[in-house]
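# Results of the structural survey
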Amino acid sequence: MIRAYYIKKNIEAIDEAGLSRMLCFLPPDRREKAMKFKFHEGQVLSALSYLTLLYLLEKEDIHHGPFEVVLKKNEKPGVADESFCFNISHTKGAVLAAAGSTPVGADIQRIMEKDFEGVAKRVMKPEELSLITRSKSPEREFARLWTLKESYIKFTGEGISALEAVPDLSAFEKNGGSLPGGPSFVTEESEELFISVCSNDTIEVRETGLDEVLRFLY
């Protein structure tokens, strides 16, 4: 089974001291990656998404102890000994981590109220674009389809350049769907976010709290 945890509350309360403490629990390569973000918010989200993964691995008894992360096809991160598979994602004010014994792709996206039309025209299939333009909330429909597509290319390891080649997903229900002979998707939404997880395995998604993850670390 694929397990996915997300945090969407109170992340903005993490100050510089909190970030410094979090960085202590990251392996050197992940610490370096987090600090490459120019602004505090990006550094926090990058660090917290990985720490949420560590929490998930322990909580769900998927893996215990250190592990080596390597870049595989199209720089998709994976575990060197292939003992488990994982994927992480973050957006403004929220993070997501997913892991299990089989390949997984996961994406979390805050709903944008503007500036999504150009991207939609470039990467969406005609049926998907029609669904967006006919919707009473086109920005929500775009975010739903975008997270589905992102989770799919993360699952396959094809990378962002393959977005335009993702199969048409316009027939999917609000909570996800399956491709013929391909992977399944689970989608969750809230007032401001969409989450999609893609895998050939059973998928379970749940919200967890920032305090739970920090208590686990500290």
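Residues numbered from 1 in each chain as written. Predicted model: local features only at pLDDT ≥ 70, side-chain atom pairs only at ≥ 80, totals over all residues. Heavy atoms only, no water.

## Section: the environment of Ser130
Relative to the helices and strands, Ser130 resides in helix α5 (residues 126-134). Residues Ser130 and Glu41, 89 residues apart in the sequence, show an inter-C-alpha distance of 35 Å. (Helix = DSSP H or I, 4+ residues; strand = E, 2+ residues; numbered from the N terminus.)

## Re the side chain of Thr52
Topologically, Thr52 is positioned in helix α3 (residues 40-59). Given the relative accessible area of 0%, Thr52 is considered buried. (Buried < 20%, exposed > 50% of the residue type's maximum accessible area, 1.4 Å probe, protein only.)

## Quick look at the pairing of strand β8 (residues 184-189)
Across three bridges, strand β7 (residues 176-178) lies against β8 in antiparallel orientation. Opposite Gly177, over in β8, you have Phe185 as the bridge partner. Hairpin connection of β7 to β8: five residues between the antiparallel strands, including Gly181 at a positive phi of 70°. For β8 and strand β9 (residues 193-199), the ladder comprises six bridges, and the chain directions are antiparallel. Across the sheet, the residue bridging to Ser184 is Ser199, located in β9. Hairpin geometry of β8 and β9 is characterised by an intervening segment of three residues between the two adjacent antiparallel strands. (Pairing = 2+ DSSP bridges.)

## Comments concerning the sheet that holds β7
Strand order in the open sheet formed by four strands is β6-β9-β8-β7, with antiparallel pairing between adjacent strands. Each edge of the open sheet carries a strand with a single partner, namely β6 (104-110) and β7. Going across the sheet, the axis of each strand differs from the next one's by a mean of 10°, ignoring polarity. In the packing of helix α6 (residues 138-156) onto the sheet, contacts are made with β6, β8 and β9, and the angle to β6 comes to roughly 155°. (Axes fitted to C-alpha atoms, helices over the stretch in contact; angles between N-to-C directions. Contact = heavy atoms within 4.5 Å.)

## Observations concerning the sheet that holds strand β10 (residues 203-207)
Strands sit in the order β4-β5-β1-β10 across an open sheet of four strands; the sheet is mixed. The open sheet terminates on both sides in strands that have one partner only, identified here as β4 (85-91) and β10. For this sheet the average axis-to-axis angle between neighbouring strands, irrespective of direction, equals 15°. As defined by bridge partners, strand β1 (residues 2-7) adjoins β10 across five bridges and the pair is classed as parallel.

## Notes on the packing of aromatic side chains
In the structure shown here, the tally under the stated rule is eleven aromatic pairs. For the pair Phe25 and Tyr218, a centre-to-centre distance of 5.5 Å together with 40° between the ring planes defines the contact as tilted. In this pair, Phe25 sits in the loop between α1 (16-23) and α2 (28-35) while Tyr218 sits in the segment after α7 (210-217), placing the two residues 193 residues apart along the sequence. Its relative accessible area of 33% is what places Phe25 among the partly exposed residues. Ring centres of Phe67 and Phe84 lie 5.1 Å apart, and the angle between their planes is 85°; on these two criteria the pair is classed as edge-to-face. Residue Phe67 is located in the loop between α3 and β2 (69-71), and its partner Phe84 is located in the loop between β3 (77-79) and β4; the two are separated by 17 residues in the primary sequence. Across this residue pair, the class does not change: Phe67 and Phe84 are buried. Taken together, the ring pairs in this structure connect Tyr50, Phe67, Phe84 and Phe86 into an aromatic cluster. Across the ring face of Tyr218, the terminal group of Arg21 is positioned such that the distance to the ring centre comes to 3.7 Å. (Phe/Tyr/Trp six-rings, centres within 6.5 Å; stacked < 30°, edge-to-face > 60°. Lys NZ or Arg CZ within 6 Å of the ring centre and 35° of its normal.)

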